[in-house]
Every structure is written in C-alpha cells, then in structure tokens.
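Examining the three-dimensional arrangement
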Amino acid sequence: EELLAQTINVAVDLKLIKPQDLSRVIVDSTVQHKAIAHPTDSRLLETARTKLVEAAKEVGIDLKQTFAKEGKSLIRKAGRYAHARQFKRMRRAIKRQRTIVGRLQREVDRKASAIGAAVREALGETLDKAARIVAQSGQRKAADGQPKLYAWHAPEVNCISKGKARTPYEFGVKVGIASTLNGNLIVGAKAFHGNPYDGHTLYEQLEQTSILMQDSRSKPTTAFVDLGYRGVDADNPGVAIRHRGRFKTLNAQERKLLKRRQAIEPIIGHLKADHRMDRCHLKGEQGDRLHAVLCAAGYNIRWLLRMIAKK
C-alpha cells in the first residue's frame, strides 16, 4: 500500500493530476480469479483421496487399500460421461468416489486416534477437508454457515456470480477498485473475502483511499458508483454517493459527471489484461490482498511513465 501511495504522491508532485481531482472517485468491484482448476466434484474427490493416502504414508499409517487404480479410472469415467451428457452414469461414478474417500477418511481417523492425539491433531486439517468434500459432493446447495470448498490448496476461494452470460460463475475473490473521476489514476485496491454485497465494501474502500491520499492532504468527498452500491449513505457520512438510481434528484453538472462512471470499466480490463490481475498465484487471503494492491501499483507506474512522456 505504501508503494501505491507513492505513485499517487508522484502524480501530484509532478502536477500530472490536480489535488482537487482526488476528491472525486469512481468505485467498482470485479473478481480476481485464483489459480485453481475448474472445481468439479470428481476432481475434488480424487484430490482428497490422493491427499489422504499421502498424509497417512507420512505418519506411518498402513492402509488396507489406497484405491489408486480405481480412483484414476473413476475420474476418467466421470469426465467422459459428463462430456457425453450421460449424467446418471456420471453420478454413479461420483457416488463411488464419495464412498472411497469416506472410507479412507474414517480409516485414517480411526488409526491416527489409536496411535496418539498428536498424530490425530497433525492430520486434523486433511481429515476435515476430506469430510467437507464428501459432504458437499452429495448435496446440491451448500450447508448453512459452511461455504463450499472449491480447491484443496486454496480454501479461501469463493464462487461469485456477476450475472455475465459468458462466465456465469467466477472462482476467486471480490476486489474493489477506486480511480479518480478525471485522469484515470487508481487510488485504491482492496480484496474482500466472503463475497460481501458491493455496498457493504464501500466504507472500507473509501477508508483505504483516504489513507493512501493523506500525504497530498486530500480525501474522497464524492463517489460515483453503479447500482450495486445503493442504500449505504448512512454508513458513509461525509461522502456524497452518486448513482443513476437517483438521476432525477441530480443537478445538470452531477448528471454530466455521472457519465464518467463507466471509465473504470476499461481500467479494470487493463488491470486484468496487462497487469496480471486475471489470475492470482499468491497463497492464501494475504496473497489475494497483496496481489490486488501490486497490480494497481503496476498500473499506476505505467500511467506515470505515459503521462511524463506526454508532458
């Protein structure tokens, strides 16, 4: 964040952007994809089987059967049946995979408890993940209070639906982006885990933006947003929130400025296409937060080089 703040300071010091332009910001959200394979039940169950066998081997547990040959055969069958749209046969293969993983999980749990509490505790995370995958693969919807597991190595991944026809579901984390209304300089980037409602992220996003701009003695006073940020005026005192839902109450100048809100869409496109926000390879929730800020800093550095050359 300090790196991102310095790019804003340089832009102001070199008079590439006016300090008063920092008070009007556009805020929008996007999905930062995680570097995971597409989460199918068959793939997750085979991963769980492999990880259980590896974990048991590491602590010296002898299993009756590892189901290695049958496991590989079942994942191939499930993929072929799905491709051929033979869903009854696909579900039968997945049911057998679920039986195998459940049997291995119970056997490892039983033998680890017999060895000692320390071994059981060491295998706790692996056993819990396997149990979650077995449970979720047998039900259509996620259990209340228990989000689905979409990747073994990245349990923080959320399934986010943005209403797009081409990509109805995206797997990653929601990221809020704030840019100046004039100049297209990014003044905030923050990852929000748990797939919160867009409006509930606005306070934290504006708070981060205020901190990043404090060296230039500026803070956002007007935020131009889309309809996903409606109804949060009380949570953001001191900031005028403008969106097309209250178009009739806006004056002529505010209506003109509101037309600039769409300028953040190509900024998000460039962040993904040119600055690596399309896929996050960093580990965990902290990795998601680091990646979002560093992509924004990379965008600003290129922006500075272009504006200096232009000047």
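Residues numbered from 1 in each chain as written. Predicted model: local features only at pLDDT ≥ 70, side-chain atom pairs only at ≥ 80, totals over all residues. Heavy atoms only, no water.

Points about unusual backbone geometry
- Positive phi values are uncommon outside glycine, yet F67 reaches one of about 60 degrees.
- Locating F67 in the fold gives a position in the loop between α2 (41–58) and α3 (68–83).
- Here the phi dihedral of R276 falls at roughly 70 degrees; this positive angle occurs in a residue that is not glycine.
- With respect to the helices and strands, R276 occurs in the loop between α9 (264–274) and α10 (284–310). (Helix = DSSP H or I, 4+ residues; strand = E, 2+ residues; numbered from the N terminus.)

Let's talk about empty space enclosed by the protein
- Tallying each qualifying case throughout the model produces one cavity of 30 Å³ or more.
- A volume near 30 Å³ is recorded for the largest cavity.
- Around the largest cavity, the lining residues are L45, E46, R49, G71, L74, Q97, I100 and V101.
- Looking at the lining of the largest cavity, the elements with two or more residues in it are α2, α3 and α4 (87–115).
- By residue class, the composition of the lining of the largest cavity is four nonpolar, two polar and two charged. (1 Å grid on protein atoms, 1.4 Å probe; cavity = no way out; pocket = protein on both sides within 12 Å on 5 of 7 lines; lining within 4 Å. Points joined across faces, edges and corners; volume = space filled by probe spheres on them. Nonpolar A, V, L, I, M, F, W, Y, C, P; charged D, E, K, R; others polar.)

Things to note about the packing of α4 against helix α6 (residues 124–137)
- The interhelical angle for the contact between α4 and α6, taken along N-to-C directions, is 150 degrees, at an axis separation of 10 Å. Here α4 lies roughly antiparallel to α6, going by the angle between them. Relative to α6, α4 is oriented so that their crossing is left-handed. Between α4 and α6, the residues in contact are R98, V101, G102, Q105, V108 and D109 and L127, A130, A131, V134 and S137, respectively.
- When the residues that make up the contact of α4 with α6 are grouped by side-chain class, the tally is six nonpolar, three polar and two charged. (Axes fitted to C-alpha atoms, helices over the stretch in contact; angles between N-to-C directions. Parallel < 35°, antiparallel > 145°, perpendicular 65-115°, else oblique. Left-handed = near helix turned anticlockwise from the far one by under 90°. Contact = heavy atoms within 4.5 Å.)

Some remarks on the side chain of H275
- One can find H275 in the loop between α9 and α10.
- Each residue touching H275, except ones within four places of it in the same chain, is listed here: H270, C295, G298, Y299 and R302.

Functional significance is not addressed by these values, which are geometric in nature.
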